[in-house]
Amino acid sequence: VHSKQPVFSCAAACHPAYNDVCYLVGDDKDDSLEKVKCPQMLLAAGNDKKDVKSGGAAEKSWSRKSFGKDCVFLTHENQKHGWVNRGDSTNEQVSSGIRLAMQQLQEFFSKHLVS
């Protein structure tokens, strides 16, 4: 939602739920997607909604933009919604998924934030 501000050079979500956020703040979800102005990385879980996965509404919207080729949509099929933020890190499957997500986030931010 905040990526529509010009001060951002990129953004990432490992708990993508823009439909719910837009509903809570009273924004139109399609309008919010259209207003994004920088590359995005969405790390979805297997049970996340299609809109935040490859081929979903977010990718369709952002692929038409100049930064569209820099957007990344990755789905961790064996994880459940919120695994990075609130997953049980004592579970090895979740823990390894968190480590992989952190590596993917680091690579994305290194590409777009480090000059």
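This structure is a prediction, so every number in the text was calculated from the model and none was measured.

Regarding the sheet that holds strand 3 (residues 72-76)
Inference 1: Strand order in the open sheet formed by 3 strands is 1-2-3, and the pairing between neighbours is parallel. The open sheet has two edge strands with one neighbour each: strand 1 (11-13) and strand 3. Recorded for the sheet is a direction-independent mean angle of 10 degrees between the axes of neighbouring strands.
Inference 2: Bridging between strand 1 and strand 2 (residues 40-45) involves 3 bridges; their strand directions are parallel. Looking at the pairing, Ala-12 lines up with Met-41 of strand 2.

Brief notes about the pairing of strand 3
Inference 1: Bridge count for strand 2 against strand 3 is 5 bridges, and the pairing is parallel. Counterpart to Met-41 in the pairing with strand 3 is Val-72.
Inference 2: With helix 3 (residues 57-62) bridging strand 2 and the parallel strand 3, this β-α-β connection has right-handed handedness.

Here we look at the pairing of strand 2
Inference 1: The buried fraction of strand 2 amounts to 6 of the 6 residues, a majority that puts the element mostly inside the structure.
Inference 2: Alternating residues of strand 2 divide into Gln-40, Leu-42 and Ala-44 and Met-41, Leu-43 and Ala-45, and every residue in both groups is buried.

Observations concerning the packing of aromatic side chains
Inference 1: In this structure the tally under the stated criterion is 2 aromatic pairs.
Inference 2: Arranged with centres 5.9 Å apart and planes meeting at 25 degrees, the rings of Trp-62 and Phe-73 form a pair that is stacked. Taken together, the residues Trp-62 in helix 3 and Phe-73 in strand 3 connect sequence positions 11 residues apart. Phe-73 shares its class with Trp-62; the two are buried.
Inference 3: Judged by centre distance (5.8 Å) and plane angle (65 degrees), the ring pair of Phe-108 and Phe-109 falls under edge-to-face.
Inference 4: Under the relative-accessibility criterion, Phe-109 is labelled partly exposed at 29%.

Details of helix 1 (residues 18-25)
Inference 1: Every buried residue belonging to helix 1 is among Tyr-18, Asn-19 and Cys-22, and all of these are buried. Relative to the axis of helix 1, the buried residues are bounded by an arc of 105 degrees and lie together on one face. Residues of helix 1 that are exposed and point over 90 degrees away from its buried face: Tyr-23 and Leu-24.
Inference 2: Packing partners of the buried residues in helix 1 comprise helix 2 (29-35) and helix 3.
Inference 3: Trailing helix 1 by a residue or two, Gly-26 shows a phi angle of about 80 degrees, which is positive.

Points about a nonpolar patch on the surface
Inference 1: Together, Val-21, Tyr-23, Leu-24 and Val-25 make up a nonpolar patch on the protein surface, roughly 480 Å² of accessible area in all.
Inference 2: Inspection of the secondary structure assignment puts Val-25 in helix 1.

A short note on the pattern of salt bridges
Inference 1: All chains considered together, the criterion is met by 7 salt bridges.
Inference 2: Across the pair Lys-35 and Asp-31 runs a salt bridge, and its minimum N-O distance is 3.0 Å. Taken together, the residues span about one helical turn, with Lys-35 and Asp-31 both in helix 2 at a distance of 4 residues.
Inference 3: By relative accessible area, Asp-31 is classed as partly exposed at 35%.
Inference 4: Of the charged contacts, one joins Arg-64 and Glu-34 as a salt bridge, the two residues approaching to 2.5 Å between their closest N and O atoms.

The rules behind each value
- Every chain's residues receive numbers from 1 upward, in the order its sequence appears when written.
- Confidence filtering applies because this is a predicted model: local features only for residues at pLDDT of at least 70, side-chain atom pairs given and counted only at 80 or more, and all residues used for totals across whole chains, interfaces and linings.
- Processing note: side-chain calculations cover all non-hydrogen atoms of the structure and skip hydrogens and water entirely.
- Strands qualify as paired when DSSP identifies two bridges or more between them.
- For helices the rule is a DSSP run of H or I covering at least 4 residues; for strands it is a run of E covering at least 2, with both sets numbered from the N terminus onward.
- Axes, fitted as lines to C-alpha atoms, cover a helix only where it is in contact. Angles between the N-to-C directions of the axes lie from 0 to 180 degrees.
- For crossovers, right-handed means that the path from the first strand over the helix to the second runs clockwise, given strands pointing away from the viewer.
- Exposure is judged per residue with a 1.4 Å probe applied to protein chains only, and the accessible area is read against the type maximum: over 50% gives exposed, under 20% gives buried, and values in between give partly exposed.
- Any two rings among Phe, Tyr and Trp, with Trp reduced to its six-membered ring, count as a pair given centres within 6.5 Å; such a pair is stacked if its planes are under 30 degrees apart, edge-to-face if over 60, and tilted if neither.
- What the arc covers is the set of directions going from the helix axis to the C-beta atoms.
- We call two residues contacting when some pair of their heavy atoms lies within 4.5 Å.
- Exposure above 30% relative accessible area and no salt bridge define the residues that can form patches, which grow by joining like charges within 9 Å and nonpolar side chains of Val, Leu, Ile, Met, Phe, Trp and Tyr within 5 Å.
- In these tables, accessible area is a Shrake-Rupley quantity obtained with a 1.4 Å probe, and a residue counts as shielded only by the protein chains included in the view.
- The salt bridge criterion pairs a side-chain nitrogen of Lys or Arg with a carboxyl oxygen of Asp or Glu, the two atoms within 4 Å.

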